[in-house]
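# Observations on the model geometry
Letter by letter, the chains look like this.
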Amino acid sequence: EWEEVHGFFYGTPKAELTDEPRNLLFDVDTKGALRLRQLYPHTTLIFIAPPSLEVLEARLRARGTEDPKELQTRLNRFRIEMAEKDNFDYVIINDDVDEAVAELNEIIEEKMSL
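Residues numbered from 1 in each chain as written. Predicted model: local features only at pLDDT ≥ 70, side-chain atom pairs only at ≥ 80, totals over all residues. Heavy atoms only, no water.

Mapped onto the fold, Lys 14 is located in the loop between β2 (8-11) and α1 (30-39). On the basis of relative accessibility, which here comes to 58%, the residue Lys 14 falls in the exposed class. Taking the C-alpha atoms as reference points, Lys 14 and Leu 60, 46 residues apart in sequence, are found 32 Å from one another. (Helix = DSSP H or I, 4+ residues; strand = E, 2+ residues; numbered from the N terminus. Buried < 20%, exposed > 50% of the residue type's maximum accessible area, 1.4 Å probe, protein only.)

This is the structure in structure tokens:
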């Protein structure tokens, strides 16, 4: 699984993905997540989204790591990825980081108890 995102290549070595029963947690974009689901149908997909495009833009501007062109690229990518959220098993809105983490932990604990 690999993808070019914002001019950088990200991926997961296939050696990390085995058929052994174990729990793995990946931070991937929507294409990577959907590709993992194709390869491993039992995969649980969790989409973590900002409350809105405006909030995402404000967060990106506040961290000051992107120039205006990179910022626009990230916002455009957000629109594409939001269109994929319905293909995920869960959607967590990251409005409050503590609440989002608690929700994520609940999902993980539930899945690990199965």
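From this point, the narrative continues.
Turning to the side chain of Glu 81, a few remarks are in order. With respect to the element layout, Glu 81 can be found in helix α3 (residues 68-82). Excluding residues within four positions of it along the chain, Glu 81 makes contact with Asp 29, Thr 30 and Phe 47. (Contact = heavy atoms within 4.5 Å.)

This part covers the pattern of salt bridges. Per the stated rule, a full pass over the model turns up seven salt bridges. Arg 61 is paired through a salt bridge with Glu 57; the nearest N and O atoms lie 2.8 Å apart. With Arg 61 and Glu 57 both in helix α2 (residues 53-63), this residue pair falls four residues apart, about one helical turn. Exposure remark for Arg 61: the relative accessible area of 53% places this residue in the exposed category. Overall, Glu 57 belongs to the partly exposed group, its relative accessible area being 25%. The partner of Arg 63 in a salt bridge is Glu 66, and the shortest N-O contact between them spans 2.5 Å. When its relative accessible area of 46% is taken as the criterion, Arg 63 is described as partly exposed. Residue Glu 66 is classed as buried on the basis of its relative accessible area of 17%. (Salt bridge = Lys/Arg side-chain N within 4 Å of Asp/Glu carboxyl O.)

Evaluation of the coordinates by the stated rule reveals one aromatic pair. Arranged with centres 5.2 Å apart and planes meeting at 85 degrees, the rings of Phe 47 and Phe 88 form a pair that is edge-to-face. Residue Phe 47 is found in strand β3 (residues 46-49), and its partner Phe 88 is found in the loop between α3 and β4 (90-93); the two are separated by 41 residues along the sequence. Note on Phe 47: relative accessible area 7%, which makes it buried. (Phe/Tyr/Trp six-rings, centres within 6.5 Å; stacked < 30°, edge-to-face > 60°.)

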